Amino acid sequence: MTRGFVMSEINQNRNLNNQYSLLVKVIHWLMAFGFVLMWSSGYLMHGFFAEDSAGEEFIFAMHISTGVLLVMLLIARIIARVLIRPPALPAGFTALDKRMAHAGHLALYILPAVIMTLGWAETDFGGHGVTLFGIPMPKLFPTMDTWMGIKLEDFTSENHEILAWTFLAVVVLHVAAAVKHRMVGHDVLYRMGIGKK
Ligand code: HEM
Ligand code: HEM
C-alpha cells in the first residue's frame, strides 16, 4: 500500500459532515473521562485519606496508572491531529471566536502534556518509579534530590498541583464556550458527536 493511497484515504475522511473523525471523537471523550478521574483522585489523595493509609496508596496507584494511559492517549491524539485535519470552524464564528477557539484548544493540548511530564518527573525524582497497574514504565528522569538549589520533588509537586487546577479552569471555559455557541445558533457539540446538526 503506497503512502499516497493512505493519505488519500485520510483526506477522504476529512471534514465528513463537518464533524471530527470517529477516532478523534473517541479519544476526546475517553480523555475527558480520564481527566475527571485524575482531578477526583488527586483531590481524594490529599483531601480525604490519612497520609500513607492503604486508601491513599490505592488512589495514588490508580492516579499514576490512569495518568500513564492518558499519556498514551495524548500521544495518539497528537498524531491524529497531525494526520487528520479538523473540520473548519463554523461560518458564524467571528475572527475573535476563531482566535479564542484556536488558543483554547492549543492550551488543552499543552497543559495536560506539561502536567503529565511534571507528575512523571516527580515520581521518578522521588525514586518511586512510574507503573501501569504494576508494570514498570521507563524511567525518564533520574532519582535526584536537588538541582541548582531547587528541591526537585517539591518543585514538580507544587507546579503539578497549580497547573492541574488551572487546567480544570480552562476546561470549564471550554465547556462554557461550547454551550454558549450552541445557544447562539452555531452548534459545535454535534461536531464532537453530541446531538444532530
Ligand atoms: C475534560 C477535558 C477536555 C479536554 C482536555 C478537551 C479538549 C478538547 C480539544 C483539545 C479540542 C480541540 C480538538 C482539535 O481541534 O484538535 C476539543 C474540542 C471540543 N470539545 Fe473538548 N475537551 C474536554 C472536555 C469537553 C467537554 C466536557 C465538552 C462538552 C461540552 C467538550 C466539547 C468539545 C467540543 C464541542 C469540541 C469541538 C469544538 C469545535 O467545534 O471545533 N469538551 N476539546
Ligand atoms: C493531566 C493529567 C493529570 C492531572 C489532571 C493530575 C491532577 C492531579 C491533582 C489534582 C493532584 C493533587 C494535587 C493536590 O494536592 O491538590 C495530583 C497529584 C499527583 N499526581 Fe497528578 N495529575 C495528572 C497526571 C499525572 C501523571 C501522568 C502522574 C505520574 C505519572 C501524576 C502523578 C502525581 C503525583 C505523584 C501526585 C502527588 C503530588 C504531590 O506530591 O502532592 N499525575 N495530580
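The rules behind the values
Residues numbered from 1 in each chain as written. Chains lettered and ligands numbered in written order. Predicted model: local features only at pLDDT ≥ 70, side-chain atom pairs only at ≥ 80, totals over all residues. Heavy atoms only, no water. Helix = DSSP H or I, 4+ residues; strand = E, 2+ residues; numbered from the N terminus. Polar contact = N/O pair within 3.5 Å; in protein donor to acceptor, adjacent residues only side chain to side chain. Contact = heavy atoms within 4.5 Å. Donors = N, O, S within 2.8 Å, 3.2 Å for Na, K, Ca; no water. Tetrahedral: all angles 85-135°; square planar, octahedral: opposite > 155°, others 65-115°. Buried < 20%, exposed > 50% of the residue type's maximum accessible area, 1.4 Å probe, protein only. Near = heavy atom within 4 Å. Nonpolar A, V, L, I, M, F, W, Y, C, P; charged D, E, K, R; others polar. Phe/Tyr/Trp six-rings, centres within 6.5 Å; stacked < 30°, edge-to-face > 60°. Patch = residues over 30% accessible without salt bridge, like charges linked within 9 Å, V, L, I, M, F, W, Y side chains within 5 Å. Areas by Shrake-Rupley, 256 points an atom, 1.4 Å probe, with all protein chains shown as cover. Salt bridge = Lys/Arg side-chain N within 4 Å of Asp/Glu carboxyl O. Lys, Arg positive; Asp, Glu negative; His and termini not counted. Charge placed at Lys NZ, Arg CZ, Asp CG, Glu CD.

### Concerning the side chain of Asp187
Stage number 1. Here Asp187 is to be found in the segment after α5 (152-183).
Stage number 2. Here the side chain of Asp187 touches Arg182 through a polar contact of 3.5 Å, side chain to side chain.
Stage number 3. Polar contacts involving the side chain of Asp187 include one to the main-chain amide nitrogen of Leu189, which spans 2.9 Å.
Stage number 4. With residues near it in sequence (within four places) discarded, Asp187 still touches His181, Arg182 and Lys196.

### Focus on the coordination of the iron atom of ligand 1
Stage number 1. For the iron atom of ligand 1, the full set of protein donor atoms is His28 (NE2) and His174 (NE2), and the range of their distances to it is 2.0 Å.
Stage number 2. Angles of 86 to 180° at the metal separate the 6 donor atoms of the iron atom of ligand 1, which places the site in the octahedral class. Residue His28 is found in helix α2 (residues 22-47), and its partner His174 is found in helix α5; the two are separated by 146 residues along the sequence.
Stage number 3. A residue is classified by how much of its surface remains accessible, and His28, at 13% relative accessible area, is buried.
Stage number 4. Given the relative accessible area of 29%, His174 is considered partly exposed.

### Some remarks on the coordination of the iron atom of ligand 2
Stage number 1. Coordination of the iron atom of ligand 2 by the protein comes from His63 (NE2) and His160 (NE2), over a distance range of 2.0 Å.
Stage number 2. Around the iron atom of ligand 2, the 6 donor atoms are arranged such that angles at the metal cover 85 to 178°; this shape is classified as octahedral. On the criterion of sequence distance, the pair formed by His63 in helix α3 (residues 54-83) and His160 in helix α5 is long-range, its members being 97 residues apart. Across this residue pair, the class does not change: His63 and His160 are buried.

### Things to note about the environment of Met38
Stage number 1. Take Met38: it is sitting in helix α2.
Stage number 2. The spatial distance from the C-alpha of Met38 to the C-alpha of Pro112 is 11 Å, given a sequence separation of 74 residues.
Stage number 3. Apart from the residues lying within four places of it in its own chain, the contact partners of Met38 are His63, Thr66, Gly67 and Leu70.

### Digging into the site of ligand 1
Stage number 1. Residues in close proximity to ligand 1 total 19 residues, the closest being His28, Arg81, Tyr109, His174 and Arg191.
Stage number 2. One of the side-chain nitrogen or oxygen atoms of His28 is found 2.8 Å away from a nitrogen atom of ligand 1.
Stage number 3. When grouped by side-chain class, the residues that make up the shell around ligand 1 number 13 nonpolar, 3 polar and 3 charged.

### Comments concerning the site of ligand 2
Stage number 1. Of all residues adjacent to ligand 2, which total 21 residues, the nearest are His46, His63, Glu122, Ser157 and His160.
Stage number 2. Take Glu122: an N or O atom from its side chain is 2.5 Å from an oxygen atom of ligand 2.
Stage number 3. Measuring from an oxygen atom of ligand 2, one finds a side-chain N or O atom of Ser157 at 3.2 Å.
Stage number 4. Looking at the shell around ligand 2, its residues break down into 11 nonpolar, 8 polar and 2 charged.

### Quick notes on the packing of aromatic side chains
Each aromatic ring pair is summarised here by two numbers: the centre-to-centre distance and the angle between the ring planes.
Stage number 1. Using the criterion set out here, one finds 5 aromatic pairs in the structure.
Stage number 2. Residues Phe35 and Phe167 carry aromatic rings whose centres are separated by 4.9 Å and whose planes lie at 85° to one another, so their mutual orientation is edge-to-face. Highlighted residues: Phe35 in helix α2 and Phe167 in helix α5, separated in sequence by 132 residues. The exposure classification of Phe35 matches that of Phe167, with both residues buried.

### Things to note about the environment of Leu168
Stage number 1. With respect to the helices and strands, the residue Leu168 is situated in helix α5.
Stage number 2. Accessibility expressed as a relative area gives 28% for Leu168, which makes it partly exposed.
Stage number 3. It is 8.9 Å that separates the C-alpha atoms of Leu168 and Phe35, two residues lying 133 residues apart in sequence.

### Digging into a negative patch on the surface
Stage number 1. Together, Asp145, Glu153, Asp154, Glu158 and Glu161 give the surface a local cluster of negative charge.
Stage number 2. By secondary structure assignment, the location of Glu158 is in helix α5.

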